[in-house]
Each structure stands twice: as structure tokens, then as C-alpha cells.
Amino acid sequence: MALLERAPASVTAPRHARPRKGTRGVRRSFVIAGAALGLAALLDAEALHQTASSQPFGWRYDVATAVADPLVDLSRALHLTEPRHWLEDLFDKPSTRPQPAPPTPTTEPPPTTTQGSSTTGSTSSSTTTSTTVAPAHRTPTSADPLRLLIAGDSMTESAGPALLDAADATGVIRADRELRYSSGLTRPDYFDWPARLGQLVAEHDAEAVVVWLGANDAQGIQTPNGPAGFGTDAWIAEYRARVAAVMDQLAQDGRTVYWIGEPIMRSAEFDARMRLITDIYREEATRHERVRFIDTRALFSDDGGSYSAYLPGSDGQPVLVRRDDGIHLTPAGADRLAPTVMDAIREDWDLG
Amino acid sequence: VLFPTITFAIFFMAVWPAVWAVARWPVLRQLVLLVASCGFYAYWDERYLALLAGLVVLNHASAHAIARAAARPGLQRAALWFGVTGHLAILGWFKYYGFFAAELTSALDRLGLRIEPPLVQVVLPLGISFVTFQAISHLIEVRREVIAPGRLLEVATWLTFFPTIASGPITRASELLPQLRDRPVARIEANRAMWLIARGLFKKMVLASYLASAIADDVFAGPARHSGPEVLVGIYGYAAQLYLDFSGYTDMAIGLALLIGIRLPENFNAPYVAQTVTEFWTRWHMTLSRWLRDFVFTPLALRSARTTAATCRNLLIVMLLAGLWHGAAWTFVAFGAVHGLAMAGERALRQRRRRLGRPPVAGGWARRVARQVVTFHIICLGWVFFRAESLEGAVDVLAALANGWGPSPGVTLLVAAVIAAVLLVHLAPRVARDRVGARVATLGAVPTIAGLAVALLVIDVFGPEGVPPFLYGGF
């Protein structure tokens, strides 16, 4: 049983022993690490400031900006922001230099009454709600394919490939995808979707755009009158205005927009927030010609209209359609969604 | 909390001095580490702290029951089985229930039997596979009298240790418990630790993220859209990405633990230079392979006939288990099968050469390089199944290799350079790597501070926005 006896406790380094090569005292090591982090924070102050500004409004935002504001001032005073600028310019990276403030989105809230019975009810059994009185669309061909852009947040991570494959399978759609994690319409200071969408539709000369945003938007929003908490009247008015502005922007030049609503979520609280956001999309779509709202709620609900991670696959057997966060889709879930989106596109375009 | 975040940096800079402030009192030191680890875990999901507590109590009680029953082999065996089964049952419920319930339903439906087991989606607790294997190693080591059972606080501190809980390395009680019991040496390899952390961040945030977004993700998401050469480079890119991601995490874990005064085992040793798949597993995720070797393969081998066929069967069983350890999906079973079959084939070949009186492997540099190339491609074949979302998806990727030539926008000079650099670093002799490490370890304070600060700046400039999850964090 000798092996079972505890080994005698070793001791700290003998007081007069020669320090081992490559080692340091703990206190000195801590000071060095702290100094390195401090210097790195100064060198990277503008990026840290951006990160601080992207925190949800509340104590995290207040604390982060209270630290980052003087840090960036000090860094600029010492010209320590220059190495980063130099690297950004040399390697063509997005700049962290202060940009002129973007124009404030329109704040005139559009009327909030719901139009049309087809747009009410979040558990509608219909998967698409067409509101379009669409002018004639051309017939895409393999030589002159429909130029489709798919843009959105992390929900498009798994859905994107399925949509791209479904588009490819038609032989008459050339689709491109733009994905930005943690993005939405509430925080243009973190990622400015309207600006990016403007660049993308021009870059791809897109004729149709699939948009899937909203999962990150259940947070406070900056209005001209100051921050507004999620779900308040001020929040709804501002968010609705932003959605309407993006729809206007995308649908101009005869472009067709397919706006995907959020599916049912596992968390009841989060689901309620997503319903509020989705209702805004649905209502705004009814007001915009060439904007088609795609309802995914019924598609991802079980027979009783409740959340279910497993739903019947194409062979009728249950397949896992949601990731274990209760929010995102699995590849099987994306396969379930893709035909619905393609059906909506087919209604407008003759894909053969 | 993910390592490459500001939140974690703040957390660690608070925990680090707190641990050393109480270092002369081992119990207090364990307590501080345990509280820090619980905070780390709760930041991900506080609901599972109760599960962790249950795992610790089960492990501690089982280990003591095994030690107390030392004089009664039957009882001791029962206690061991109780503990191991308990740990595996917990892992099975959280990790495999959904998979097996869905597969069973489908299989019985094909036979005309309709059953409807409740299909619940269980959220996989962070690091459950790593913790379970560590916990089982404790029970077996106590049974083999390698170590005395740990006290409750020691076991809790070890199993929840925040640098390793999410993605390993898979440590053993005999490695960690003595380090937790003893007063640590008050001088640490600070430069080496900080260099490891910076290197891990660079591997993960810059290189792995770049390869994922530049080629690997696109190729695996829609192989049919890519040319054959692009698919091949996409597979190579994923092989490099996975190594950079997982070894980057391990570098950070080892570095962080070193700063706290804990030495962790190595987990990687230039795996892609392996000349056989068997050798690959002595270089890749070394703490998993030694666990499988010591606690599954060796006991199996001792109970089996000493024939080549029996050894090959055992290898296949072990590698199928290794595959399933990674996840509950047929793709992981196929991944394990590729490795198991390759290792069984290598074993059979070696036995044949021995019977013919030849050396186990043929000599010569050309043959060595050929073996490395073949081994690397077998490993890449395994990675295709490992990465794909389904067996059909894996077959699609492999079929797309025959897509022929065509535009390959994903194959850029930079992508090729990063993949080549990863492989070249693998080929660098150990001596050269050690020399660089020794030079870094003895740098003075000022160059260390400046070097680390610039490294962090470069990582942030070239890294992605946001932190992509660690690939092994999902296991």
C-alpha cells in the first residue's frame, strides 16, 4: 500500500538556490504581463473603443466606454494609434480611425396599424405572406442568371449554404452570400448593414435580395432622444423606421426583397422578443411593393404550434432541425427552410 | 468565457494574483481555483454547475469506495464499475441520447415497428467529454494503486480546472492532484507561458480563422460549386485549420496553467510528419490517445488472444470509440473507422514483414517521405468525415475531388502559403524549435513587454471580428 501514501509535500524554491534559467518571480511576471497588456491596450485603443461602443446599452456599455474613452484619448496624444493605422493601410484592413458620424436614420415613425388580415397572427400556417403587387419580372436564363444576394446574421450561417445550393440547382440563379455575426439593425455603430447592403447590391448588381436579420436586435437602441430600451414605444418606432429605410433602399431600382422572419425560439422570453421584431418585418413588408415577407414560424413549429428541436424530415422521420442553443438552424433545418424561400422566389421569377 | 476575449483577460488578471496570494496554503489555493473555475463555467451556463457538482461527488465517492475495498477484489471491481458506469451514463444522456433515440426510431420504423421515444434536445454541457474521461482515469488510477483517492476539494478543483475544462488536455489525477496538494515553486516560466498564450492566440485567431473563411468553410458548405483542385486545397486547408485551432487552444491552456503554477501535459507534437496513422496518434491529441491506449486498448489486449487478427479488431474498436467520443453522429463513426482500418492494416503489414524477417519499416528518405504523404492523405480522408455535416455531405466532398479543373478563386497564394507554412513548421527539427523556445524564455523584461504588446496588436488587426468558437469546444 506504499503507493497509496501521499507524497510528501514539496517546498517552494530553496531560499538561496540559484534561480532556474528561463524562470521569473511571480510578482515580476505579473508586472510584465500587466505592462504588456497595458501597452497592447494603448496600441489597440481605437479597436477597443469600437468594442466598448458595441456593448449593449446598460452598465456594460457605461463601464466599457468609461474605460475606453480616456484610453483612446491618451493613445492618440502619444501617437500610439499610428502603428495600427499603418498596418491597416499596408494590408488593406478596415480602418479604426474615427469616421464622421453616419446620418441619423429617419425618426418619423410610420403608422403602426397593421394592414390586411393576411399579415396578422404570428402562428399563421402559411409560410409566405405575399404583399407584392409585383411588376413583371424577367425570365432568368443560364446565360443571364438572376443575380441574388443573401445577406444576414449568424442565422444565415447554416441557412446560407442550403439556399446557395438550392439556387444553384435551378441553373438560372447566381447567388452570393454575405454573413456578419452578431449584427443587426439596432447597432449601426457595431456594423452598419444599410451601408454594407448599399455596397453589396451595387457590387453584385443584385436583382433580388434575401435578408435575414433580427436575432441580435433584442437590445436597446439609440434614438435621437437618447437610448431606448427594447420593446418600448420609442424602440418600436425607431426600429420600424430603420426596417422601412432598409426596405426602401433595397427595393429601389426594381429590386425584389425577400425578408425572412424569425422562427419560433425555445426560450419563451426570447421568442416573445423575436415575435415583436418579426411582426414589424411583416407589417413593413405589407407597405413596400416588391418586399415579400417569408414567415418561418409555422415551418419550425410542431403540430401544436410549439417549439420543437425535432421535426419530420423529407422521409417523415424526425430530424434535428435546431442547434442546441434553441435559436440557430442545423443543416437539416436549413434544408427545411430553403424550399420555402425558393418557392417565394419562384412566385416572382420564372425559373423554368 | 472564451480565452481570446477581453472579458477573459480581465478575469485571468484577477485570478492569477489571487491564486499566488494564497499559494502557501494549498487548501485555500484550491478553494480560490475552484471558485474561479465555477465562475468561468457559470459564465457559459450556470445551470450546469449542479451537474459538475454531481460529477465530482460521484467521482470522489467512487474513488474512495475503490480504495477502501482494496482487500476485497470483487467489491472493488463492483465499485469501479459503478463509478465508471455512472460517469458514462451521464455522458451518454447528454451527448448520445438524441442521436441513439432518433436512429433507433428510424431503424425500428424500417422494420415496421413504430415507437416514439421522447426526442428531447439536450444541451451538451461544456467540456463534458473531457471531464468524464479525466474522472474515469481517477477511478482506474486508484484501482491500480497509482495514486491515493483525492480529497473532495482536490477532485473538484482538478475536474473543474478552468484552463482545461473546455477542451483539455485530458489530465490524470496522478499528474494534477500532487500539484494541487503541494505548495508551488514560486518561480514560473513566465516568458514561455506568455509566448505559448500569444502563439496560441495567433494560431487560432489569425491563421485558423483565415483558413476557415478563405477556403475550408466554403468548400465543405458546397463542394459541388468548386473545382477539383479547389476542393483538395479546401481539405488541406481544413487539416491545417483544425491543427491550428486545437493546438492553439492547447498552447493557451498550457500557458495559462503555467502562470498559475500548474504544469499540464503536452498534447501535440508535429502530428502531420507522422509516417503511419499509428504514429499520428502518438503526436495528435496525445492525452486522448494515451487515455485510450492505457484504459481501453491495453485491457482489451490483455484479455484477447495474441494474434494479429485480435489486435486489429481491438484497434478498430478503440478507434471507433475515439470517433464516437468526438460526437454523436455517423460521420464521427466513419472518421474512427478510417483511422481504425488504417491502423489495423499497418499492424497486419508490420506483422507480415516480421514473419518474412524484414525490418518493421523500409528505410530510405524517399520511402519515408512517401509514407508521410500517404499518411497525411489518409488523415485528410478522416478529416472529411470529421468536418462534414453528414455522411452524404462527406461523400459529396470526396466526389467533388473529381470535379476537374476550373476557376479556383479560393486557392490564393496566401492560402497556399499558410498551409505550406503549417507543414514546414511541422518539418522543423525539434532541436530548432527548442532553441527558439529557449531564446524566448530568456528575453529581458522590456523586449518581452514590447514583443507581447505588438503580437497582441497584430493578432487583433489580422484576426476576425468576434471570436469563432473553438472546434474542439463542441466535444
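About the cut-offs
Residues numbered from 1 in each chain as written. Chains lettered and ligands numbered in written order. Predicted model: local features only at pLDDT ≥ 70, side-chain atom pairs only at ≥ 80, totals over all residues. Heavy atoms only, no water. Helix = DSSP H or I, 4+ residues; strand = E, 2+ residues; numbered from the N terminus. Rg over C-alpha atoms; globule rule 2.2 N^0.38 Å. Buried < 20%, exposed > 50% of the residue type's maximum accessible area, 1.4 Å probe, protein only. Contact = heavy atoms within 4.5 Å. Expected span 1.5 Å × (residues − 1). 1 Å grid on protein atoms, 1.4 Å probe; cavity = no way out; pocket = protein on both sides within 12 Å on 5 of 7 lines; lining within 4 Å. Points joined across faces, edges and corners; volume = space filled by probe spheres on them. Nonpolar A, V, L, I, M, F, W, Y, C, P; charged D, E, K, R; others polar. pLDDT = per-residue confidence, 0-100. Buried area = accessible area lost by both parts, 1.4 Å probe. Salt bridge = Lys/Arg side-chain N within 4 Å of Asp/Glu carboxyl O. Pairing = 2+ DSSP bridges. Right-handed = clockwise from strand over helix to strand, strands pointing away. Axes fitted to C-alpha atoms, helices over the stretch in contact; angles between N-to-C directions. Parallel < 35°, antiparallel > 145°, perpendicular 65-115°, else oblique. Left-handed = near helix turned anticlockwise from the far one by under 90°. Patch = residues over 30% accessible without salt bridge, like charges linked within 9 Å, V, L, I, M, F, W, Y side chains within 5 Å. Areas by Shrake-Rupley, 256 points an atom, 1.4 Å probe, with all protein chains shown as cover.

Along its length, chain B carries 19 helices and one strand. A compact globule built from 475 residues would reach a C-alpha radius of gyration of about 23 Å, and chain B, at 23 Å, matches this within 12%. Expressed as lengths along the three principal axes of its C-alpha atoms, the size of chain B is roughly 65 × 65 × 55 Å. In chain B, which comprises 475 residues, the proportion classed as buried is 53%. Summarising the internal contacts of chain B: among those between residues at least 6 apart in sequence, 78% fall at separations of at least 24.

Counted at 1.5 Å a residue, the expected span for helix α9 (residues 331-348) of chain A with its 18 residues is 26 Å, and the 26 Å between its end C-alpha atoms agrees. Buried residues of α9(A): G333(A), A334(A), L337(A), A338(A), T340(A), V341(A), M342(A), A344(A), I345(A) and D348(A), and no others.

All names here are of chain A. In this structure the tally under the stated criterion is one cavity of 30 Å³ or more. Taken together, ten residues form the lining of the largest cavity, with E262, M274, R275, T278 and R297 sitting closest to its centre. For the lining of the largest cavity, the per-class residue count stands at two nonpolar, two polar and six charged.

Looking now at helix α2 (residues 26-45) of chain B. All names here are of chain B. For α2, spanning 20 residues, the distance from its first C-alpha to its last is 28 Å, which sits close to the expected 28 Å at 1.5 Å a residue. Taken residue by residue, α2 has R29, Q30, L33, L34, A36, S37, F40, Y41 and D45 as its buried positions. Packing partners of the buried residues in α2 comprise α1 (6-21), α3 (49-68), α6 (152-159), α7 (162-165), α8 (173-181) and α10 (228-260).

Here we take up the confidence of the model for chain A. Averaged over all residues, the pLDDT of chain A equals 83, while 84% of them reach at least 70. Scored below 50 in pLDDT, residues 1-15 of chain A makes 21 contacts in the model with residues more than four places away or belonging to other chains.

Note: interface size is frequently given as the accessible area lost on complex formation between the parts. Residue-level contacts link 61 residues of chain B with 58 residues of chain A. Roughly 5,000 Å² of surface becomes buried between chain B and chain A when both sides are summed, with 62% attributable to carbon and sulfur atoms. Across the pair R84(A) and D460(B) runs a salt bridge, and its minimum N-O distance is 2.9 Å. Where the side of chain B that touches chain A is concerned, the elements lending two or more residues are α1, α4 (73-110), β1 (187-188), α9 (190-221) and α19 (445-462) of chain B. Sorting elements by how many residues they give to the side of chain B that touches chain A places α19(B) first, with 13 residues. In terms of residue class, the side of chain B that touches chain A is made up of 36 nonpolar, nine polar and 16 charged. Where strand β1 (residues 24-25) of chain A meets β1(B), two bridges bridge the pair, whose relative direction is antiparallel. Residue pairing for β1(B): R24(A) is matched across the bridge by I188(B).

Residue and element names in this part refer to chain A. All told, the structure shown has 39 salt bridges over all chains when counted by the stated rule. A salt bridge links E284 to R240, with the shortest nitrogen-to-oxygen separation between them at 3.1 Å. Linking E284 in helix α8 (residues 268-287) with R240 in helix α7 (residues 233-251), this pair joins segments that are 44 residues apart in sequence. R240 shares its class with E284; the two are buried. Beyond isolated ion pairs, a larger network of salt bridges with shared partners links R138, D144, R147, D205 and E207.

Turning to the environment of V369(B), a few remarks are in order. Residue and element names in this part refer to chain B. Relative to the helices and strands, V369 is located in helix α15 (residues 365-387). Looking at V369, the relative accessible area reads 35%, which means it is partly exposed. Sequence separation between V369 and L153 is 216 residues; the distance between their C-alpha atoms is 50 Å.

Empty space among the atoms can be located by rolling a probe the size of a water molecule over them. All names here are of chain B. When its volume is computed, the second largest pocket comes out at roughly 1,300 Å³. Lining of the second largest pocket is provided by 48 residues; of these, W195, L196, R199, R433 and G437 occupy positions nearest its centre. Those elements that provide at least two residues to the lining of the second largest pocket are α9, α10, α17 (413-427), α18 (430-441) and α19. Residue contributions to the lining of the second largest pocket peak at ten residues, all from α9.

A few words now on the pairing of strand β3 (residues 146-152) of chain A. Residues and elements named next belong to chain A. Among the seven residues in β3, seven count as buried, and that is most of the element. Here β3 shows a buried face lined by L146, L148, I150 and G152 and a second buried face lined by R147, L149 and A151. Of the pairings in the sheet, the one linking β3 to strand β4 (residues 173-179) comprises seven bridges and is parallel in character. Note on β4: the bridge partner recorded for L149 is D176. In terms of handedness, the path from β3 via helix α5 (residues 155-170) over to β4 forms a crossover that is right-handed. Where β3 meets strand β5 (residues 208-212), five bridges bridge the pair, whose relative direction is parallel. Counterpart to A151 in the pairing with β5 is V211.

Closest axis-to-axis distance for the helix α1 (residues 26-43) of chain A/α19(B) pair is 8 Å, and the angle between their directions is 40°. Taken together, the axis directions place α1(A) and α19(B) in an arrangement best described as oblique. At the point where α1(A) passes α19(B), the crossing takes the right-handed sense. Facing R28(A), I32(A), A35(A), A36(A), L37(A), L39(A), A40(A) and L43(A) of α1(A), the residues of α19(B) in contact are A445(B), T448(B), I449(B), A450(B), L452(B), A453(B), V454(B), L456(B) and L457(B). Among the residues making up the contact of α1(A) with α19(B), the classes are represented as 15 nonpolar, one polar and one charged.

Right, let's talk about the packing of α9(B) against α17(B) for a bit. Residues and elements named next belong to chain B. The geometry of α9 relative to α17 is characterised by a closest axis approach of 11 Å and an angle of 135° between their N-to-C directions. Comparing the axis directions of α9 and α17 gives the class oblique. Here the hand of the crossing between α9 and α17 comes out left-handed. Contacts between α9 and α17 involve L207, Y210, L211, A214 and I215 from the first element and L414, V415, V418 and I419 from the second. Looking at the contact of α9 with α17 residue by residue, the class counts come to nine nonpolar, no polar and no charged.

Turning our attention to a nonpolar patch on the surface. A cluster of nonpolar side chains, contributed by W25(B), L28(B), L31(B) and V35(B), occupies part of the molecular surface with about 380 Å² of accessible area. With respect to the helices, strands and loops of the structure, W25(B) is situated in the loop between α1 and α2.

Let's shift gears to unusual backbone geometry. The phi torsion of most residues other than glycine is negative, and most of the peptide bonds are trans. In this structure, P169(B) follows G168(B) across a cis peptide bond, with omega equal to 5°. Mapping P169(B) onto the fold places it in the loop between α7 and α8. Although it is not a glycine, D92(A) adopts a positive phi angle of roughly 55°. Inspection of the secondary structure puts D92(A) in the loop between α4 (82-90) and β2 (128-129). You can call D92(A) exposed: its relative accessible area is 70%. Even without glycine at this site, E145(B) takes up a positive phi of about 60°. Its place among the elements puts E145(B) in the loop between α5 (128-143) and α6. On the basis of relative accessibility, which here comes to 25%, the residue E145(B) falls in the partly exposed class.

In this fold, R430(B) is placed in helix α18. Separated by 161 residues in sequence, R430(B) and N269(B) have C-alpha atoms that sit 9.1 Å apart.

Before going further, it helps to spend a moment on the side chain of R84(A). Examined against the element boundaries, R84(A) turns out to sit in helix α4. Among all residues touching R84(A), those that are not within four sequence positions of it are L43(A), D44(A), A47(A), T96(A), L457(B), D460(B) and V461(B).

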